[in-house]
Amino acid sequence: MLRRAISHIGLIIACLSVLLPILWVFRTSLVPEHASYSTDIFPELTLENYRLLFGDKNFGTNYANSLIVATLSVVLSMPFAAMTGYAFARFRTGGRIARFATLASQMLPPVALALPVFMLYRAAGLTNSLTGLTLIYAAINLPFLTWILMGFFESIPEDLEGAAMTDGATRWGAFWRIVLPVAAPGILASAVLGFILSWNEFLFALILGGSKTATVPVALAALQTSNGVQISQVSAGVSLAILPLLIAVHFIQKYLVQGLSFGSVK
Amino acid sequence: MSAIARQRLRAGWGFAAPGLTMLALVMGIPLAYALVISMSSMTMLKPALGFTGLTNFATIMSEPLFWHSLWLTLRYSIAAVAGEFIIGLGIALMLRQIIVLRGLYFAILTLPMAMSPVAVALIWRMLLQPNLGIINQSLAAMGLPMVDWLGNSDLALPTLIAIDIWQQTSFVVLLLSAGLASLPKEPYEAAEVDGARPIQQFWYITLPLLRPVSAIAIVIQLINEFRTYDLIYVLTKGGPGVSTELLSFFAYKRAFQGLQVNEGTAAAFILLLIVLMITVVFFWLLERQKT
Amino acid sequence: MKNKAFLVAGSLAAALWSSTALAEGITLRALMEDVPETKIIEDMLPDFEAKTGIKVEFEKVGYGDMHDKLVAQLVSGESYYNLLSVDFLWAGEFPAGGWLEDLNPYVAKSGFDMAPVIPSMLDLLGRTDTALPIMPMYNYSMGMIYRTDLIADPALAAKYEAATGKKLAAPTTLDDYVAMAKFFKADGGVNGAAMQGQKGDPNSMEFSNYLFSAGGDYLDANRKVVLDSDQGRQALTLYNDMIKNAAQTGALSATLDDTLRLMCAGESFSMVTYWWMLPQLDNAEKCPKVAGKVAISVMPGGHGESGGWGWGIPKNIPGDQKDAAWQFIEWVQSKDVSVKRALQGHAPVRSDVFSDPAVLAKYPFYAQAGEIVASGKSFPVFTYSPQYEDVLGTQISLSASGDTPVDAAIKASAKGLEDLLAK
């Protein structure tokens, strides 16, 4: 009882520290630029910032681009990540070297890869295209998703598949029908994570893209002009940018947060 | 090798081959190219690739600013990851204790990671603006002094760490919540039967079972924090003075400002080596603790 | 289920991808800053297209990102951007990399009249005896914007005269400026100056004004480093004094955005900045607190920092695109189009535009602007100018926060410049 109360208090404090800045951002999105730093909550209400974003700045295209690339890159990388993660967890394939080599590809600051990727992609004709971006994002997601899923698969006892296989299932069948469903929370978390990683990526989108293939982060970064930062428009962009995650989390949260009554809740 | 072992080996490679091949092609080739650049004489002005061996690495490591950057980056990353993990674990555990409003809390708490680092930086720049920003204005309204968050060389780095924690904790919450949701019921049921108290269940069942996911969350966050760059670029450009000159930013400046792509890339690879070493040591320690 | 979604998404992706394929005819593509200048030209692009059939696309990116994106395109292969907008700070780097076409042959062939183009702008943008890599586009020289109402305030004037024995008027020397700014912060209820002290471009640009007005310089006529001088040390001492005693809280992390907003909110007496910030501030809708109460003058001491952008043509594109790019440059920098741009508020690079009666009628302050541009001196323009901004900016930042004494900072800055020039 007391534990529940304390938890609520703790969670409320945490939520406030997250929510207050975000609400202020949302407020700023509805305020004209010259009043953006005013301390009044609503010095003037306007939809001008949203109108400018979608009208002048093509934000609709950027948003669509981001959605397409983020979704496709996850769809592309998840199967590979799951299979490789399973191999690493169950069979220790490639030993420590393979595991760390996979992760090591992500340890390099992206800035070192910007020029090589750009030159290779230009030679392959993949610059200024959503296809190219999807491909590089899938490759960026792969190591992290592999490791996360590896962690989840490791927590699943092998007896489950063992039982299925003694009943006649193939390894693949056991993987597909027994392991994956049990690892559902991990898979959903990874999918969300992969989506987010692609949704937020900036450097490759900047270097590999053009005006028609610009994504949300590139669009928002461009609002830092030599005339000052268009912070009200940035706020509008950010308010819209958090929507996909909000929707995704709403759908998956019952898989992630439910079923936690392991006797500690009374 | 026994038949079963051989079968497992084949099965393993069967599962892993597609992913590893894709990675090798799409990531491996650029990585190899980058490595070649780091050992070459390539600059933006003279892009020819002449082999220079380890000269670039030696040059970088002979600069005091490099070591300063490295030290700053280590402190930054460890502080950020520690903060994110402890707070993230706390939040994930608290979410377990309640039923009402759980969905709402979770939705709110995972929001920050939905913002790109550039956006987060711009937003916090607005909030922390020393004269006009809402935080300092609120402090002033409460009679407290206004704080020079990013212009004071002692405060700048901690402020950046706090912003990073603000954003990245949501990722840890997501991961650890999924981890907690995956925990099997049996050990807990058995413990209930044996009359174990909740705190004992937490210490002897939850924490150990959560280890794999926790370890991965920590490692992934460490990697992310080591590569921190956008926050610096947007908020401080490494200043005031050199108090926030993190290594990723150092590498970027060397390549795109100093035009020495070879040296910038070499600095980046040194970063990679260090992160790799820390990761390997971390897992080695974890393995030893297990036995 | 998953497959179907993939198919739909895949076809969407393919459709979007194919729509980015090259259109018929030549399209000029340029990376541009998102500033009023760009908008002014953009509004006139339909005229150009009607006249020549050449389409022009502007892609707007932030300054830093623009440089990195451009360099990646220019280093090798064929550049996607066939019309270049080049900042003066890159006017050493781009020619050094061999990335820009010499514009002299194009000028000669089409008979473009170079006489009205202001010489200081041409020098700023890398013109040499043998080549013209960049054609000036617009300038952003720096001056001092100040509050006329505060100067005219009798109570403040009395206090100032009592404290210093001088009359309260727009400062003409650097020492006067510093004294006045400190006075305003101490007794006037406003910050003395809104300073952009963030290390790098912001503080390097601002400090340059102090340096030039103190009588110092970075390089002498033979391109020898003369920064380490009494004037240099004086400039940095005054600059530090300003940061400590006249500037706003948090000046060391402030950028143009911060100083502009501060000035707009009426919380500062002055601001050393780009001269076309004046119309932004003197705007009743955007800055009601200071509209009608601001004016601009040359940096007290007589010399401010020059700056500007220009047009360039990349070498690594096909010949027909180069010709199209020149056609555009010729059109946009012609007197006719330049005057039209100026009437919209653009910052000219042609002397005949600064003295055009229609322009002066609409913007009388262009007379001062003309002086500012003419008297401006330049930050050293060479291959590593941006890197020097970082080196110098670091030293200034360290000195202003008290971590490094003035002497050491100036010496290190001078040495840094020597090292980079020799690189």
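Residues numbered from 1 in each chain as written. Chains lettered and ligands numbered in written order. Predicted model: local features only at pLDDT ≥ 70, side-chain atom pairs only at ≥ 80, totals over all residues. Heavy atoms only, no water.

A. Looking closely at the overall build of chain B. When you go through chain B residue by residue, the secondary structure sums to 12 helices and 0 strands. Counting helices and strands in the order they occur from the N terminus, chain B gives α-α-α-α-α-α-α-α-α-α-α-α. When the backbone C-alpha atoms are referred to their principal axes, chain B occupies close to 75 × 70 × 30 Å. Going through the 291 residues of chain B one by one, you find that 59% of them count as buried. For chain B, long-range pairs separated by at least 24 residues make up 67% of all intrachain contacts whose partners lie at least 6 apart in sequence. Of the charged side chains in chain B, 17 are positive and 14 negative, and the gap between their average positions amounts to 8 Å. (Helix = DSSP H or I, 4+ residues; strand = E, 2+ residues; numbered from the N terminus. Buried < 20%, exposed > 50% of the residue type's maximum accessible area, 1.4 Å probe, protein only. Contact = heavy atoms within 4.5 Å. Lys, Arg positive; Asp, Glu negative; His and termini not counted. Charge placed at Lys NZ, Arg CZ, Asp CG, Glu CD.)

B. Focus on the interface of chain B and chain A. With 100 residues of chain B in contact, the opposing surface of chain A contributes 102 residues. Buried area between chain B and chain A, summed over both chains or domains, comes out near 9,200 Å², and the portion from carbon and sulfur atoms is 80%. The largest per-residue losses of area from chain B upon contact with chain A belong to Phe15(B), Gln97(B) and Met126(B), which jointly make up 9% of the total buried on that side. Our count for the contact surface shared by chain B and chain A stands at 2 salt bridges. The salt bridge involving Glu287(B) is made with Arg96(A); its shortest N-O contact spans 3.6 Å. Our count for the contact surface shared by chain B and chain A stands at 9 residue pairs in polar contact (both at pLDDT 80 or more). For the side of chain B that touches chain A, the element with the highest residue contribution is helix α1 (residues 3–38) of chain B, accounting for 20 residues. A class-by-class count of the residues in the side of chain B that touches chain A yields 73 nonpolar, 18 polar and 9 charged. (Buried area = accessible area lost by both parts, 1.4 Å probe. Salt bridge = Lys/Arg side-chain N within 4 Å of Asp/Glu carboxyl O. Polar contact = N/O pair within 3.5 Å; in protein donor to acceptor, adjacent residues only side chain to side chain. Nonpolar A, V, L, I, M, F, W, Y, C, P; charged D, E, K, R; others polar.)

C. Representation of the sheet that holds strand β3 (residues 84–87) of chain C in the model. All names here are of chain C. Spatially, the 3 strands line up as an open sheet ordered β3-β9-β4, and their pairing is antiparallel. If you trace the sheet from one side to the other, it starts and ends with β3 and β4 (135–139), each paired once. Adjacent strand axes in the sheet meet at a mean angle of 30°, parallel and antiparallel pairs treated alike. (Pairing = 2+ DSSP bridges. Axes fitted to C-alpha atoms, helices over the stretch in contact; angles between N-to-C directions.)

D. Highlighting the state of the cysteines. Residues and elements named next belong to chain C. By the definition in use, this model includes 1 disulfide over all chains. Disulfide pairing places Cys-264 opposite Cys-287 at an S-S distance of 2.0 Å. Judged by the sign of its S-S torsion, about -110°, the bond between Cys-264 and Cys-287 is left-handed. Remark: Cys-287 occurs in the loop between α13 (278–281) and β8 (294–297) and Cys-264 occurs in helix α12 (residues 256–264); sequence separation between them is 23 residues. (Disulfide = S-S within 2.5 Å.)

E. Region of interest: the sheet that holds strand β6 (residues 191–193) of chain C. Residues and elements named next belong to chain C. Spatial strand order, β6-β7-β5-β8: 4 strands in an open sheet with mixed pairing. For this open sheet the edge positions go to β6 and β8, each flanked by a neighbour on one side alone. With strand direction ignored, the average angle separating the axes of adjacent strands in the sheet is 25°. Here 2 bridges tie β6 to strand β7 (residues 268–274), and the two strands are oriented parallel to one another. If you follow Asn-191 over to β7, its bridge partner there is Ser-268.

F. Region of the structure containing the interface of chain C and chain B. With 34 residues of chain C at the interface, the matching set in chain B holds 30 residues. Together, the buried faces of chain C and chain B total about 2,600 Å²; carbon and sulfur atoms form 54% of this surface. On the chain C side of the interface with chain B, the three residues burying the most area are Asp68(C), Lys199(C) and Thr249(C), jointly 19% of the side's total. Taken together, the connections running from chain C to chain B amount to 4 salt bridges. Among the ionic pairs, Arg125(B) bridges to Asp258(C), the shortest N-O distance being 3.2 Å. Our enumeration of links across chain C and chain B arrives at 13 residue pairs in polar contact (both at pLDDT 80 or more).

G. Structural view of the environment of Leu259(B). Positionally, Leu259(B) belongs in the loop between α11 (247–257) and α12 (261–290). Its relative accessible area of 1% is what places Leu259(B) among the buried residues. Along the backbone, Leu259(B) and Asn131(B) are 128 residues apart, and their C-alpha atoms lie at a distance of 36 Å. Setting aside anything within four residues of it in sequence, one finds Leu259(B) in contact with Thr43(B), Met44(B), Leu45(B), Arg254(B), Glu93(C), Thr383(C) and Tyr384(C).

H. Expanded view of the environment of Leu65(B). All names here are of chain B. The topology assignment puts Leu-65 in helix α3 (residues 64–97). Residues Leu-65 and Glu-245, spaced 180 residues apart in sequence, show a C-alpha to C-alpha distance of 8.6 Å. Contact partners of Leu-65, with chain neighbours within four places excluded, come to Val-242, Glu-245 and Phe-250.

I. Broad picture of the packing of helix α3 (residues 59–91) of chain A against helix α9 (residues 184–200) of chain A. Residue and element names in this part refer to chain A. Interaxial distance between α3 and α9 falls to 8 Å at its minimum, and their mutual angle equals 140°. The angle between α3 and α9 falls in the class oblique. By crossing handedness, the relation of α3 to α9 is classed as right-handed. Across the interface between the two elements, Tyr-63, Ser-66, Leu-67, Ala-70, Thr-71, Ser-73, Val-74 and Met-78 of α3 pack against Ile-187, Ser-190, Ala-191, Gly-194, Phe-195, Ser-198 and Trp-199 of α9. In the contact of α3 with α9, the residues fall into 9 nonpolar, 6 polar and no charged. (Parallel < 35°, antiparallel > 145°, perpendicular 65-115°, else oblique. Left-handed = near helix turned anticlockwise from the far one by under 90°.)

J. Expanded view of the pattern of salt bridges. In this structure the tally under the stated criterion is 34 salt bridges over all chains. Close ionic contact of Glu33(A) with Arg261(C) constitutes a salt bridge, the shortest N to O distance being 2.5 Å. Residue Glu33(A) is found in the loop between α1 (2–29) and α2 (48–55), and its partner Arg261(C) is found in helix α12; the two belong to separate chains. Close ionic contact of Asp43(C) with Lys39(C) constitutes a salt bridge, the shortest N to O distance being 3.5 Å.

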